[in-house]
Amino acid sequence: MSAAAPPDNDVLWARGVVKSHHGTPALRGVSLGVREGEVLAVTGPRGSGKSTLLACLSALLPVDEGEVWFNSSPVHTLSRAGRERLRRERFGFVGSEPHLVPELTARENVALPLLLAGAGHKAAYTAATEWLERLDVGDCARLRPAELQQSHRQRIAVARALAPMPTVVFADDPTAPLHREAQDQVLRILASAARSHRLTLVLATHDPDLARFADRTVALADGRLATPPPPVLNGAKTVTAGR
Ligand SMILES: Nc1ncnc2c1ncn2[C@@H]1O[C@H](COP(=O)(O)OP(=O)(O)OP(=O)(O)O)[C@@H](O)[C@H]1O
């Protein structure tokens, strides 16, 4: 049992999370809370543990020590099947590579998770069209991934992650392969789509400049929460590491 229950308004809450990969420590005791509807950036240099933290918060990996809670329910005690179900039903994911199904059009790719979740054909395709338009790639609906430029493929991956309206979207360096202008466009659109639909977004990036799209930033260094970085642009709030 937990000594302290997570705060009610934290959709995700972690306490003392420790995680190693085959004996290599990646997280050495991380505690943080993510508020409902918040856009939280997790920054830090390569190898600092950002991906591992997202993997533990999103129930992809079990923690070695510590606790992870989602909506006041323990995640750290779930079985593998329980974690898979949580990920499928409540979480969305965007990675550095879009991993679209090459044989399907953009619209079919976005409709796919809705169809797999049991939505009717018409509802799934209508929602897919709306999400492609929201992400400014409505013109690409009938094109296949190979016919699209990389930044458009990544927007389609964002549309696919958001269309099922997950409670939390985890984005792990989602713009890493893009050039600066496209990075800004994709992140601006991802953060604003999350905000306008009241989705919580946890964004890992090794580029502290890209954290300006977040409401709050926490920085990792060598598997621990680090001292808050300096204030960021655009009026975004500075860090309260871990809270
Ligand atoms: N599958 C793995 N097997 C072994 N070690 C791993 C594995 N994944 C991560 N690590 C190690 O764990 C530590 C944290 O890695 P992690 O990928 O979480 O950091 P990161 O901040 O996301 O890095 P990057 O920005 O390069 O993705 C690093 O030392 C890394 O080498």
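Reading guide: rules and limits
Along each chain, residue indices are assigned from 1 in the same order as the chain's sequence is written. The predicted origin of the model limits local features to residues at a pLDDT of at least 70 and limits the giving and counting of side-chain atom pairs to 80 or more, whereas totals for whole chains, interfaces and linings rest on all residues. By convention in this description, side-chain values take in all heavy atoms of the structure and omit both hydrogens and water. UniProt positions are given in the numbering used here, feature names are shortened, and annotations may be inferred rather than shown by experiment. To qualify as a helix, a DSSP run of H or I must reach at least 4 residues; to qualify as a strand, a run of E must reach at least 2; elements of each kind are numbered from the N terminus. C-alpha atoms define the radius of gyration in this analysis, and the globule rule sets the expected value at 2.2 Å times the number of residues to the power 0.38. Partly exposed describes any residue whose relative accessible area lies between the buried limit of under 20% and the exposed limit of over 50%, with all areas from a 1.4 Å probe on protein chains only and scaled to the type maximum. The contact rule is simple, with two residues in contact once any of their heavy atoms fall within 4.5 Å. The accessible surface values rely on the Shrake-Rupley method and a 1.4 Å probe; as for residues, cover is taken only from the protein chains in view. Neither His nor the chain ends contribute to the count of charged residues, in which Lys and Arg are positive and Asp and Glu negative. The location of each charge is read from NZ of Lys, CZ of Arg, CG of Asp or CD of Glu. Note on terminology: near, applied to a residue and a molecule or strand, indicates that one of the residue's heavy atoms is within 4 Å of it. Here a polar contact means two N or O atoms within 3.5 Å. Within protein one must be a hydrogen donor candidate and the other an acceptor candidate, and residues neighboring in sequence count only if both atoms are side-chain atoms. Gly falls in the polar group here, along with every residue not listed as nonpolar (Ala, Val, Leu, Ile, Met, Phe, Trp, Tyr, Cys, Pro) or charged (Asp, Glu, Lys, Arg). Aromatic contacts are taken between Phe, Tyr and Trp rings whose centres are within 6.5 Å, Trp giving its six-membered ring; a plane angle under 30 degrees counts as stacked, one over 60 as edge-to-face, and the others as tilted. Known as pLDDT, the predictor's per-residue confidence is scaled from 0 to 100. As used in this record, nonpolar core signifies buried Ala, Val, Leu, Ile, Met, Phe, Trp, Tyr and Cys residues forming a set joined through side-chain atoms within 4.5 Å. The pairing criterion for strands is at least two bridges between them, as found by DSSP. For every element, the axis is a line fit to its C-alpha atoms; helices are fit only across the contacting stretch, and the angle between N-to-C directions ranges from 0 to 180 degrees.

An unreviewed UniProt entry lists the protein chain under the name ABC transporter ATP-binding protein, with Kitasatospora camelliae given as the organism. Turning to the protein chain, the UniProt record has this under Sequence similarities (unreviewed entry): "Belongs to the ABC transporter superfamily."

A. Fine view of the overall build of the protein chain. The helix and strand inventory of the protein chain stands at 6 helices and 10 strands. In terms of overall size, the protein chain behaves like a compact globule, its C-alpha atoms giving a radius of gyration of 18 Å where 243 residues would be expected to give roughly 18 Å. Overall, the protein chain is about 50 × 40 × 35 Å in size when its C-alpha atoms are taken along their principal axes. Buried residues in the protein chain amount to 48% of all 243 residues. Looking at the protein chain alone, contacts between residues at least 24 apart form 67% of all its contacts between residues at least 6 apart. Here the protein chain has roughly 11600 Å² of accessible surface; of this, 51% comes from carbon and sulfur atoms. Each charge class in the protein chain was averaged separately, 29 positive and 25 negative side chains, and the resulting centres sit 2 Å apart.

B. Layout of the site of the ligand. Surrounding the ligand, one finds His21, His22, Ala26, Pro45, Arg46, Gly47, Ser48, Gly49, Lys50, Ser51 and Thr52. The contact in question runs from an oxygen atom of the ligand to an N or O atom on the backbone of Gly47, over 2.8 Å. One nitrogen or oxygen atom from the side chain of Lys50 is found 2.8 Å from an oxygen atom belonging to the ligand. Ranked by residue count, the leading element in the shell around the ligand is helix α1 (residues 50-57), at 3 residues. Tallied by class, residues from the shell around the ligand come to 2 nonpolar, 7 polar and 2 charged.

C. Representation of α1. Where burial is concerned, most of α1 is hidden: 7 out of the 8 residues are buried. Along α1, the positions that sit buried rather than exposed are Lys50, Thr52, Leu53, Leu54, Ala55, Cys56 and Leu57. Directly after α1, the chain includes Ala59, whose backbone phi takes a positive value near 70°.

D. The packing of aromatic side chains, seen in detail. Considering all chains together, one arrives at 3 aromatic pairs under this definition. Where Phe70 meets Phe91, the ring centres are 5.1 Å apart and the plane angle is 85°; that geometry is what we call edge-to-face. In this pair, Phe70 is assigned in strand β4 (residues 65-70) and Phe91 in strand β6 (residues 91-94), connecting sequence segments 21 residues apart. Comparing Phe70 with Phe91, the two get one shared label, buried. Taking the centre distance of 5.9 Å and the plane angle of 15° together, the rings of Phe93 and Phe170 count as stacked. A residue pair is termed long-range when its members are at least 10 positions apart, and Phe93 in strand β6 and Phe170 in strand β7 (residues 168-172) qualify at 77 residues. Using a relative accessible area of 3% as the deciding quantity, one classes Phe170 as buried.

E. Just the confidence of the model for the protein chain, in detail. Mean pLDDT for the protein chain: 90, with 91% of residues reaching 70 or above. Looking across the protein chain, the model is least confident in helix α6 (residues 180-196), with a mean pLDDT of 89, and most confident in α1, with 97. Low pLDDT (under 50) marks residues 237-241, which in the prediction has 18 contacts with non-local residues, meaning those over four places away or in another chain.

F. Structural context of the nonpolar core. By size, the foremost hydrophobic cluster in this structure holds 44 residues, and its most contacted members are Val110, Leu132, Ile156 and Leu162. Within the residue set of this core, elements represented by two or more residues are β3 (39-43), α3 (106-116), α4 (121-134), α5 (150-162), β7, α6 and β8 (200-205). No other element matches α6, which puts 8 residues into this core. Grouped together as the second largest cluster of nonpolar side chains are 27 residues, Val11, Ala14, Val42 and Val168 included.

G. Up close: the sheet that holds strand β2 (residues 24-35). The antiparallel open sheet is built from 4 strands, whose spatial order is β2-β1-β4-β5. Edge positions in the sheet fall to β2 and β5 (73-74), since each of these pairs with one other strand and no more. Note that β4 and β5 share 2 bridges and pair antiparallel. Within the sheet, the bridge partner assigned to Trp69 lies in β5 and is Pro74. Set on the sheet, α1 makes contact with β1 (10-21), β2 and β4; between it and β2 the angle comes to about 60°.

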